[in-house]
Amino acid sequence: MLSIIGGKLTTYRRMAAEMVDRVEEELHRMDGRARGEKAETDIEPLPGGEARAFETFRQTGLDLGLSDKTVEHLLSHYGTEAAAINNLVRENRSLMTPLAPPHPAIEAEVVHVTRREMAQRVEDVLVRRVHLYYETRDHGASAAHRVAELMGKELGWDEARVGAEAGRYRETVDRRR
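Here is what the cut-offs are and how they apply
- Residues numbered from 1 in each chain as written.
- Predicted model: local features only at pLDDT ≥ 70, side-chain atom pairs only at ≥ 80, totals over all residues.
- Heavy atoms only, no water.
- Phe/Tyr/Trp six-rings, centres within 6.5 Å; stacked < 30°, edge-to-face > 60°.
- Buried < 20%, exposed > 50% of the residue type's maximum accessible area, 1.4 Å probe, protein only.
- Lys NZ or Arg CZ within 6 Å of the ring centre and 35° of its normal.
- Helix = DSSP H or I, 4+ residues; strand = E, 2+ residues; numbered from the N terminus.
- Contact = heavy atoms within 4.5 Å.
- Expected span 1.5 Å × (residues − 1).
- Salt bridge = Lys/Arg side-chain N within 4 Å of Asp/Glu carboxyl O.
- Axes fitted to C-alpha atoms, helices over the stretch in contact; angles between N-to-C directions.
- Parallel < 35°, antiparallel > 145°, perpendicular 65-115°, else oblique.
- Left-handed = near helix turned anticlockwise from the far one by under 90°.
- Nonpolar A, V, L, I, M, F, W, Y, C, P; charged D, E, K, R; others polar.

As for the packing of aromatic side chains
Working step 1: Scanning the entire structure with this criterion turns up one aromatic pair.
Working step 2: Note on Tyr 133 and Tyr 134: the rings are 5.0 Å apart at their centroids and 85° apart in plane angle, and the pair reads as edge-to-face.
Working step 3: Its relative accessible area of 11% is what places Tyr 133 among the buried residues.
Working step 4: In this arrangement the basic side chain of Arg 176 is found over the ring face of Tyr 133, its NZ or CZ atom lying 5.5 Å from the centre.

Written out as structure tokens, the structure is:
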């Protein structure tokens, strides 16, 4: 078993490339498996980073009725993946509702990160994805129940689980204060 720990935002992709190369070496040593070409893990674009020009995505968001701030927020957080969030809004206009006004994050982001980024807890959404924990006065606590409801619909949670997940997040916020 090989494992990797540590790293920073500036080095994690290089570390991943080194790990892929190391796995190939170990497989070759163990069973003679042929080595592939050098991993391009460190230079392959991340989802959402395939394009440099976002004007089309910006205009689509504005045409849907999203605010300038929300459109910029989506583009800066998701890049071209903002198109998927725009599609969610197009399918269900209620998902353009802000999570914690005046912050620009919207409900569609919760659905998106639950479906496509495998978010499993309210904390995954509010701390690691949408960043309300860091960018709002109440650390996203006011949005916790709604986030749990949206996630619950996607993940098949019952009302008890929705309440428990929201409560768990609020407890986390209280402990960290």
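Structural notes on helix α4 (residues 82-91)
Working step 1: All buried positions along α4 are accounted for by Ala 82, Ala 84, Ile 85, Asn 86, Leu 88 and Val 89.
Working step 2: Considering only its buried residues, α4 is in contact with α2 (55-63), α3 (68-78) and α5 (107-116).

Observations regarding the environment of His 112
Working step 1: Locating His 112 in the fold gives a position in helix α5.
Working step 2: C-alpha separation for the pair His 112 and Leu 88, spaced 24 residues apart in sequence, amounts to 7.9 Å.
Working step 3: Apart from the residues within four sequence positions on either side, His 112 is in contact with Tyr 78, Glu 81, Ala 84, Ile 85, Leu 88 and Glu 117.

Let's talk about helix α8 (residues 144-155)
Residues spaced three or four apart along an α-helix face the same direction, because each turn holds 3.6 residues.
Working step 1: Between its first and last C-alpha, α8 extends 16 Å over 12 residues, near the 16 Å set by a 1.5 Å rise per residue.
Working step 2: The secondary structure elements touched by the buried residues of α8 are α5, α6 (122-129) and α9 (159-176).

A look at the pattern of salt bridges
Working step 1: Across all of its chains, the model carries 16 salt bridges by this definition.
Working step 2: Glu 18 is the partner of Arg 14 in a salt bridge, and the nearest nitrogen-oxygen pair spans 3.8 Å. Residue Arg 14 and its partner Glu 18 are both found in helix α1 (residues 12-31); the two are separated by four residues, about one turn of the helix.
Working step 3: On the accessibility criterion, Arg 14 (48% relative accessible area) is partly exposed.

A look at the packing of α5 against α8
Working step 1: At a minimum axis distance of 9 Å, the contact between α5 and α8 shows a crossing angle of 40°. The angle between α5 and α8 places the two elements in the oblique class. Note on packing geometry: the crossing formed by α5 with α8 is right-handed. Contacts from Glu 107, Val 110, Val 111, Thr 114 and Arg 115 in α5 reach Arg 146, Val 147, Leu 150, Met 151, Glu 154 and Leu 155 in α8.
Working step 2: A per-class count over the contact of α5 with α8 returns six nonpolar, one polar and four charged.

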